[in-house]
Each structure stands twice: as structure tokens, then as C-alpha cells.
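# Observations on chain architecture
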Amino acid sequence: FTSFLHLPGASEEEAAPLQQSFMIPKKEINMVSDMAKWKRSQAYADYMGFILTLNEGVRGKKLTCEYKVSEPIEKLVALLNTLDRWIDETPPVDQPSRFGNKAFRTWYAKLDQEAEKLVATVIPKRLADAAPEVAVYLKESVGNSTRIDYGTGHEAAFAAFLCCLCKIGVLRVDDQMAIVFKVFNRYLEVMRKLQKTYRMEPAGSQGVWGLDDFQFLPFIWGSSQLIDHPNLEPRHFVDEKVVNENHKDFMFLECILFITEMKTGPFAEHSNQLWNISAVPSWSKVNQGLIRMYKAE
């Protein structure tokens, strides 16, 4: 798969093997011992290869730079815009509990019902059989409707959704920057709106010892964007003025801005891990450390 991502000029036929058969994914990691099997699997190699290829693809680049936007990328953004519109159409309900607004379940039920149709708008007709398989990752990427929570496992499902679209040849090697800057960035905006609107709980949060309550990948890709920046160093991201002036260019700073909007009190107390990271001397060291941390988590 990673070799696919490094094949510029792969033709349609090469990018999507014709003999693919699709199946509905099912949960395979059920106990601790299954983790070793996952780490040895081709799926793990494909997934991490995808994350790291994109990490290289956005290195030193701003969100606002020029890049190619293909038709599938536009269709994915339209899909995310639909999810966003459904939030507007599903206002939170009055309820005694402050967190976990039950209107999220109504919103999620709509996605559950429409996911395959939404995916079918992104993939070509000849790959229609892939829709039921790929749609499962989309449904898993927005949070849990029973617990009304969201965490990095849901974020990973969205990355797996995009990885699947690469594996079947819908997204191509020259879509790399648009995958992160246009699609994933729009996904983050929609997830932040979900988290705020329905007061979602953090899933499996490590509290003050975790990197962030909700996301991880934008810190990896966002730190890669800042590698070799002429004047922004890791120590600067705890400076409010620097964040306000640069967040539109850098995913990492956009994440910091959202944290400071959502949390009160000293940064060092509510986001201890990030505070520690601000003491690392270079962005490339931050990036390498975050990749190690991600693999461990």
C-alpha cells in the first residue's frame, strides 16, 4: 500500500486491482492479547504507512499553501459539509445532565442510515461493492452513540476510512496534501462542532496525562508542518499571541486554540503533556516523539 502512495502516475487500473472482494469489517481487537496480532498485521503496516506518508507529505507546508484538489477530495468535503448541516438541523435537547446531549443519538441515527449512500457519492460506480465496507469506518469515526463520547479511536477510524479510499484507488498519490489540509482539516472542524454542540465526553481519556481529550493526528501532522520554520519554535505554541496570529496556517496551533477555548485555568495544569512538549528544542524532535507516543497508544 505504501508503495501505491509512492507511485506517481499509476494508471486507474494499477491503482485499483480489479479482483478486489469486499467484506463488512468486524471488531477483531477484543482483549489485550489481540494487540500483538494487530501490531504484526498487514492492516497495521498499511495504517501506519499511511499516517507516516502523509506526515512527510505536509512537512514544512502551510494549510494555506497551493495544492491540487481532485474531484474525490471535493466530494469528501461535500460529504463532511452534509454532516455539518445535520448538526444544525439537530439542535441539542433540554436535559438535566450537562454532558452527553441525547440529540447526538438522533444525529448519529441519520448517519447510520445514510452512510452507505454518502460513501457511494465519493466512489466510482465500478467500485460500488466497496461502499458497505468503507462506510463502517465512516460511521465509527464520529463518536459512540451509546456513551455519547469521542476520542482518538474514532479519529483513527476516519484515518482508516481515508486509507481505504487510497487502497481502492479513489484517492491518489498527488492527493496527499489535500487529504490532510482539506479533508482531514474539515473533519476536525465538524468533530469540534459535534463536541461543542452535544457536550461529548472524551473517550478513554487519560485526563491531564493524555496529550489531548479528543485528537492526536493533527498534533503529528501539525508538528511536521512546522519543521524548519524560520521563527516558530515549540516554546512559542504556549504564547497566546503567536497562536492567534498563526493558527490559520498550522494545524497544531489550531488544536491549541481549541483547547484554550474549551478549558479554563493555567495551560500547564489542564494540558500538562503539551506543556512538556513546548520545552522540546525542535519541531522534528516533537514530531518523532509524537509518532512514538502514537504507536504506543
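Because the structure is a prediction, the values reported are computed rather than measured. (Residues numbered from 1 in each chain as written. Predicted model: local features only at pLDDT ≥ 70, side-chain atom pairs only at ≥ 80, totals over all residues. Heavy atoms only, no water.)

Let us now look at helix α9 (residues 176-197). For an α-helix, 3.6 residues make a turn, and residues three or four places apart therefore share a direction. Taking 1.5 Å of rise per residue, 22 residues should cover 32 Å, and α9 covers 30 Å from first to last C-alpha, within 8% of that figure. The largest bend in α9 is about 30°, located at phenylalanine 184. Most of α9 sits out of view: 17 of its 22 residues are buried. With its phi angle positive at about 45°, arginine 199 sits one or two positions after the end of α9. (Helix = DSSP H or I, 4+ residues; strand = E, 2+ residues; numbered from the N terminus. Expected span 1.5 Å × (residues − 1). Bend = angle between axes of the 7 residues up to and from the residue. Buried < 20%, exposed > 50% of the residue type's maximum accessible area, 1.4 Å probe, protein only.)

The next point concerns the confidence of the model for the protein. For the protein, the average pLDDT comes to 92, and 93% of its residues sit at 70 or higher. Ignoring residues within four places in sequence, the model shows residues 6-17, a span with pLDDT below 50, making 18 contacts including any to other chains. (pLDDT = per-residue confidence, 0-100. Contact = heavy atoms within 4.5 Å.)

Tallied over the full model, the rule gives 16 aromatic pairs. An angle of 55° between the planes, with centres 5.0 Å apart, marks the rings of phenylalanine 216 and tyrosine 294 as tilted. Of this pair, phenylalanine 216 sits in the loop between β2 (201-202) and α10 (217-225) while tyrosine 294 sits in helix α15 (residues 283-296), and the two are 78 residues apart along the sequence. A single burial state applies to phenylalanine 216 and to tyrosine 294, both of which are buried. An aromatic cluster is built from Phe158, Phe161, Phe184, Tyr187 and Trp221, whose rings are joined through pairwise contacts. (Phe/Tyr/Trp six-rings, centres within 6.5 Å; stacked < 30°, edge-to-face > 60°.)

Position of threonine 106 relative to the elements: it lies in helix α6 (residues 103-120). With 111 residues separating them in the primary sequence, threonine 106 and leucine 217 have C-alpha atoms 28 Å apart.

On to unusual backbone geometry. At isoleucine 148, a position not held by glycine, the phi torsion is positive, near 50°. In this structure, isoleucine 148 sits in the loop between α7 (131-140) and β1 (149-150). For arginine 199, which is not a glycine, the phi torsion comes out positive at approximately 45°. Its location among the elements puts arginine 199 in the loop between α9 and β2.

In this model helix α12 (residues 251-262) runs 17 Å from its N-terminal to its C-terminal C-alpha over twelve residues, within 8% of the 16 Å that 1.5 Å per residue would give. Counting buried positions along α12 yields nine of twelve residues, so the element is predominantly enclosed. All of the buried residues in α12 are Met251, Phe252, Leu253, Glu254, Cys255, Ile256, Leu257, Phe258 and Ile259. For α12, the elements touching its buried residues are α9, α10, α11 (240-246), α13 (267-270), α14 (272-277) and α15.

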